[in-house]
Amino acid sequence: MKETVLKRFGEVFGDTDGVKVFFAPGRVNLIGEHTDYNGGHVFPCALTIGTYAAARVREDDKLRFYSMNFDHLGVIESDIRDLKPQKEAGWTNYPKGVMWAFGERGFQIPAGMDILLNGNIPNGSGLSSSASVEVVTGAILREFFGFEVSNQDLALIGQYSENNFNGVNCGIMDQFAIAMGKKDHAIFLDTADLSYTYAPVKLQGAKIVIACSNKKRGLGDSKYNERRSECETALAELQKEVDIRSLGELTEEQFEEHKSAIRDITRVKRAKHAVYENQRTLQAVAALEENNIELFGQLMNASHVSLRDDYEVTGAELDTLVEEAWKVEGVIGSRMTGAGFGGCTVSIVRDEAIDQFIEKVGKAYKSRIGYAADFYVVEVGDGPSVL
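Residues numbered from 1 in each chain as written. Predicted model: local features only at pLDDT ≥ 70, side-chain atom pairs only at ≥ 80, totals over all residues. Heavy atoms only, no water.

A look at the sheet that holds strand β13 (residues 385-386)
Strand pairing in a sheet is mediated by backbone hydrogen bonds. Such pairs are either parallel or antiparallel. We apply this condition: We treat two strands as partners when DSSP finds at least two bridges between them. Helix numbering and strand numbering both begin at the N terminus, where a helix is a DSSP run of H or I of at least 4 residues and a strand a DSSP run of E of at least 2. Should any heavy atoms of two residues lie within 4.5 Å, those residues are counted as being in contact. A fitted line through C-alpha atoms serves as each axis, taken over the contacting stretch for helices, and the angle formed by two N-to-C directions is quoted from 0 to 180°.
The strand order across the open sheet formed by six strands is β5-β4-β6-β3-β1-β13, and the pairing between neighbours is mixed. Every interior strand has two partners, whereas the edge strands, β5 (76-79) and β13, have only one. Bridge analysis of strand β4 (residues 62-67) against β5 gives four bridges, and the strand direction is antiparallel. By the bridge assignment, Leu63 is partnered in β5 with Ser78. Sitting on the sheet, helix α1 (residues 2-13) is in contact with β1 (20-29), β3 (44-57), β4 and β6 (113-119), with an inclination near 135 degrees to β6.

As for the packing of aromatic side chains
Filter applied, for reference: Here a pair means two rings of Phe, Tyr or Trp (six-membered ring of Trp) with centres within 6.5 Å. Their orientation is stacked below 30 degrees between planes, edge-to-face above 60, and tilted elsewhere. To sort residues, take the accessible area from a 1.4 Å probe on protein chains only and compare it with the maximum for the residue type: under 20% means buried, over 50% means exposed, and anything in between is partly exposed.
What the rule picks out here adds up to 17 aromatic pairs. Arranged with centres 6.0 Å apart and planes meeting at 75 degrees, the rings of Phe65 and Trp91 form a pair that is edge-to-face. In this pair, Phe65 sits in strand β4 while Trp91 sits in the loop between β5 and α2 (93-104), placing the two residues 26 residues apart along the sequence. Accessibility classification places Phe65 together with Trp91 in one group, the buried group. Ring geometry for Trp100 against Tyr160: centres 5.7 Å apart, planes inclined by 10 degrees, an arrangement best described as stacked.

A short note on the sheet that holds strand β8 (residues 195-200)
Strand order across the open sheet formed by three strands is β2-β7-β8, with antiparallel pairing between neighbours. Two strands bound the open sheet, and with one partner strand each, they are β2 (41-42) and β8. The pairing of β2 with strand β7 (residues 185-190) spans two bridges and is antiparallel. Paired with Val42 across the two strands is Leu189, which belongs to β7.

Looking at the nonpolar core
As a reminder of what qualifies: Throughout, nonpolar core names a set of buried Ala, Val, Leu, Ile, Met, Phe, Trp, Tyr and Cys residues whose side chains join them through atoms within 4.5 Å.
Membership of the largest hydrophobic core comes to 40 residues, with the highest contact counts inside it found for Met99, Phe102, Ile109, Met113, Ile115 and Leu141. Residue contributions to this core peak at eight residues, all from helix α3 (residues 129-145). Listed in part, the 31 residues of the second largest apolar core include Cys45, Ile121, Phe188 and Ala199.

Functional significance is not addressed by these values, which are geometric in nature.
In C-alpha cells form, the structure reads like this:
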C-alpha cells in the first residue's frame, strides 16, 4: 500500500520530494454497545485495515487534499489560515477540523500541506473511517511539526474536532481505540473516567470476520438521540431511589431491585440493556483473560439479543447476518457492532469454517435482503504509525 499511495501522490501532485507515508487503523467494538454514554465499559480493538496517507509540507499556506476513495472529486484546495467547516469541502472537513483543533490547543500549523489519503475501511460500515482520518491527520502534524502530543492526545483532539468543528456529538471510543491500538490486544476502556487496560485477544485457530450489511444508515442518528434521551430519563427516575451517577454503576441485581422506579416499560428495556451489557463486557474481558473463548462468544451472542429485543437498534439486515452466522458450525460468537440500523456485524470464526461462513451467510443474506453483504477477515492491529 505504501508504494501505491506514493505513486498516486506523484501523479496527483507532480513529484514525491519530501513525502512521508502514514497509517491509522479502523476499529471494531467486540462487546459493550451503547454503554459509552451510559457510563459503562467498552471493549474495542484496532484493525489491520484503515487509512493510509502520503503527506508533505508546502512553502506557502495552501492546503491541497486528494482522496483515492473519492478520486472523482479531484484535488480539493483550502488555506491553513482559513480553517472553517464548509459543506462544499466534503470529506476534507475532517483533516481540516484536526488542524483547527491543534491550533485551539496552542499548536499553530506553520505552513500548508499536500495530503493524499487512501482508506481500505468500507464506507458507511461503522468501522470508524472518519476517526481513522482524524487520527492519521494528527500523526502527520505531530511528525512534520514536532508537536509534543501523545497518542491519547491525538484521540482527544480528534474527538474535540469532530464535536466542535464537524458538529457530530460522538463519544471518545472510536478515536481512543484507533490512537491507542495495540497489536493482538483489545482495549478495556471505562468511558466514565478514561481509565483503560489492554487485554490480549488470543484467538488460537480463529479470526475476526466483519460482515458489512451495505445498508446505508438513515434512521441511525435520530434513533441514537432517542435512545440516549430514554436512558437519561430512566437514570433520572432511578436516581430518586438509588445514589448513582450513571446506569453503568448498577449491577444486574441492583437494577432488578429498583427498576420499578422507571415509569415506562420501554425505558425499563433501554436501561436494562445498558446495565446488563456493561456487566457482559466485564464478564467477557474476564473470560478472555482466562482463555475461555467459548464463553466470550456466548456473551457476544447475548449482547446481540439484548440489542435486538431490549434496545431495538438492529433491524432486518443485522439480524439476518447474525442469525445466519449462528447456524454455521465453527462460529464462536456473532453480534451487531456500532450504532445499529445498518453497518456491520462482528463474528469470531474458526479458521476452517471461514470460507463456509462467508458463503452460507452471504447467500442467505442476499436471498432475504435482496442485495449482497461484504465480508472482511481482519486481525487486531497497532495504532497510528509512520511507514
